[in-house]
Amino acid sequence: MKKAFLTILISGAAVASFAQTKQPAGKKTVVKKTVTTTKTTTVTPMKSSLDSVSYAFGTSIGTGLKTTGLTTLNYDVLLKGLKDAFTGGKVLLDQQQAQQAINAALANANKGKFVGNITEGKNFLEQNKKRAGVQTTASGLQYEVLTQGNGIKPKATDSVLVHYKGTLLSGKQFDNSYDRGEPITFTLNQVIKGWTEGLQLMSAGSKYKLFIPYNLAYGEHGYGQDIPPYSTLIFDVELLKVNGK
């Protein structure tokens, strides 16, 4: 409304001004049109093919690094490291130190992406250990005795025959020997730490439920598509026998 009112005022003033101005008879009024030209400037960021390829390598390296989960780097130091390595200059870190720094950074970046899994597992185990019948070992492994057998207990170097079912905290099943109709044989020191420890607590004929924190399971890498990184796992494990004993 305010804009329309202002337009009316301007138009009215123009009409009044024109009415008060008398033009000489027979003389045409020439209205000159003002044309505003805009100068277009073409910006060329790269001054040479060397600039182009250098920038291209930079974006390629940056894109690759970003996929690792890293969010920031000291770009000046990054360029120094790149230059020192490329030109044969003196490097400030030896190969072992450099690899350790990279591994630590990537581990932290990956951990940040799965902080939800870590928090979920921690909260679950904190609540689960309060349940009647759940025992917690010094390592953080939790177990519940479902059936107590009376056979011998295996050692870490023993081969055992077991049936089992494994699930995530969500209840999603990722493996089940019962469904396959065939138990599995393995040596205890060749499996995840939670199994190595947990099955040594069991006597042959026992069935336990194991609650395994991620650091005793598949850790920061997870396993395939079914077990994400930093997953706390639940196993129903039945120790059928200790092989050879």
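The shown structure was predicted, so the numbers you read here are calculated from the model rather than taken from an experiment.

A. Fine view of the nonpolar core. Within the largest apolar cluster, 24 residues are counted, with the highest numbers of intra-cluster contacts made by Val162, Trp195, Leu199, Leu210, Ile212, Phe235 and Val237. For this core, the elements supplying multiple residues, two or more each, are β3 (159-168), α7 (193-200), β6 (207-212) and β7 (233-242). Of all the elements, β7 adds the most residues to this core, at five residues. Residue contacts for Leu210: discarding those within four places in its chain leaves Gln142, Tyr143, Gly194, Trp195, Gly198, Leu199, Leu233, Ile234, Phe235 and Val237.

B. Representation of the pattern of salt bridges within the structure. Counting across every chain of the model gives seven salt bridges. Asp175 is the partner of Arg180 in a salt bridge, and the nearest nitrogen-oxygen pair spans 2.5 Å. Through salt bridges with shared partners, one network takes in Lys165, Lys209 and Asp236.

C. Representation of the confidence of the model for the protein chain in the model. Mean pLDDT over the protein chain stands at 84; residues scoring 70 or higher make up 82%. The model gives residues 1-35 a pLDDT under 50, and that stretch makes one contact with residues more than four places away or in other chains.

D. View of helix α3 (residues 75-87). The end-to-end C-alpha separation of α3 is 18 Å, in line with the 18 Å expected for 13 residues at 1.5 Å each. With respect to burial, α3 is a largely exposed element, only one of its 13 residues being buried. Gly88 lies just past α3 and shows a positive phi near 80°.

Parameters at a glance
- Residues numbered from 1 in each chain as written.
- Predicted model: local features only at pLDDT ≥ 70, side-chain atom pairs only at ≥ 80, totals over all residues.
- Heavy atoms only, no water.
- Core = buried A, V, L, I, M, F, W, Y, C linked by side-chain atoms within 4.5 Å.
- Buried < 20%, exposed > 50% of the residue type's maximum accessible area, 1.4 Å probe, protein only.
- Helix = DSSP H or I, 4+ residues; strand = E, 2+ residues; numbered from the N terminus.
- Contact = heavy atoms within 4.5 Å.
- Salt bridge = Lys/Arg side-chain N within 4 Å of Asp/Glu carboxyl O.
- pLDDT = per-residue confidence, 0-100.
- Expected span 1.5 Å × (residues − 1).

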